[in-house]
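# Coordinate analysis (summary)
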Amino acid sequence: KEKFLTGCAKRGIDGPTAEKIFDKIEKFASYGFNKSHAAAYAYLSYATAYFKANYPSEWMAALMTCDRDDTTKLAKFIREARSMQIAMLPPDINQAGSEFAAVKGGIRFAMSGIKGVGQAVVDEIIAERNLKGPFASLYDFMQRADKAKIGKKAIELLIEAGGFDFTGWTRDAMRESIDAMYAEASRDQKEASLGVLNLFSLIDSAEKPFQAPPPVLQPSTKLQLLQREKELLGFYLTGHPMDNYKEVLRRLSCVPFREFETLPEGTIVRAAFVIETLQVKISNKSQRKFAILTISDGL
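So, a few notes on the structure that sits alongside this text. Everything numeric in this text was worked out from a predicted model, so none of it was measured.

### Observations regarding the packing of helix 8 (residues 152–160) against helix 10 (residues 222–233)
Their axes nearest at 9 Å, the elements helix 8 and helix 10 cross at an angle of 120°. What the angle tells us is that helix 8 and helix 10 run oblique. Within the contact between the two elements, helix 8 uses Lys153, Leu157 and Glu160 and helix 10 uses Arg228, Glu229 and Leu232. Taken together, the residues of the contact of helix 8 with helix 10 break down into 2 nonpolar, no polar and 4 charged.

Structure follows, in structure tokens:
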């Protein structure tokens, strides 16, 4: 400070003015960006705004990939994507990969985001798909999958997450077929490795197995499918439990959660929702129980 004030005096700046200037500099120095730092932030702000405006699907997919292990952030990005009219698509095994990807029609959920499906399984699926092309059916997948790396449980999880919806079979029918398909495909792979020739595979007219889905005696409800989907992905992806009540909610003038921020403080609203999670805790001060709810209206 003495050096600064001395320099000011040499340049004809009076003492009180020099003190005032130094106080301002000192205050700013406690938290202030230099020009290069400010320029870098300005550039990043411009670049990210440009990407979001011109490549919204690619931009949102990149954000989801960066924070795929943080369910809270991922949920925020998915809500943002939907508000931008970008659809979230299930992790189709012919299109999905290790990362969230922008595809025609929306953003494809990453296979690595399915709970219980390890990275080794995802890598094996991608490698086989790149080597021999897309999978034609669930049985084709069974025949081509390396049984040492992809077990029945992983296949069941892929089915329930929507990975095989492209086949046209219901998820219930595919689950019913897993054991029979897996056993058949495992036997074929074992015989092939031993050099055993299956004559039926050489006859074009022979009826190929698993061409039609098996009957399902107790099909799952839409709600059960969505609940299982949420357990595996962390989100209701292909629908929401409140979807069937949209018209009722409209007649009741229920306000969607997304509009809450635009309402004046103290506004009384009517809302409808489902409880997704419930945590019961005990207050450290009062020792009374309280609950923390995670709720969703699907709108």
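### Side note on the sheet that holds strand 2 (residues 101–103)
Neighbouring strands of a sheet are bound in pairs by backbone hydrogen bonds; such pairs are parallel or else antiparallel. An order of 1-3-2 is seen for the 3 strands of this open sheet, with the pairing classed as mixed. Two strands in the sheet have a free side with no partner beyond their single neighbour: strand 1 (88–89) and strand 2. With 2 bridges connecting them, strand 1 and strand 3 (residues 106–108) associate as parallel partners. Looking across to strand 3, one finds that Leu89 is bridged to Arg108.

### Brief notes about the side chain of Glu160
Structurally, the position occupied by Glu160 is in helix 8. Assessed through its relative accessible area of 8%, Glu160 is described here as buried.

### Observations regarding the pairing of strand 4 (residues 274–282)
Along any regular strand, the residues point their side chains to alternate faces of the sheet. Pairing of strand 4 with strand 5 (residues 289–296), which is carried by 8 bridges, proceeds in the antiparallel orientation. Across the sheet, the residue bridging to Ile275 is Ile295, located in strand 5. The loop that links strand 4 with its antiparallel partner strand 5 comprises 6 residues; one of these, Gln287, has a positive phi angle of about 60°.

The rules behind these values
Residues numbered from 1 in each chain as written. Predicted model: local features only at pLDDT ≥ 70, side-chain atom pairs only at ≥ 80, totals over all residues. Heavy atoms only, no water. Axes fitted to C-alpha atoms, helices over the stretch in contact; angles between N-to-C directions. Helix = DSSP H or I, 4+ residues; strand = E, 2+ residues; numbered from the N terminus. Parallel < 35°, antiparallel > 145°, perpendicular 65-115°, else oblique. Contact = heavy atoms within 4.5 Å. Nonpolar A, V, L, I, M, F, W, Y, C, P; charged D, E, K, R; others polar. Pairing = 2+ DSSP bridges. Buried < 20%, exposed > 50% of the residue type's maximum accessible area, 1.4 Å probe, protein only.

What is shown is where atoms sit, not what they do.
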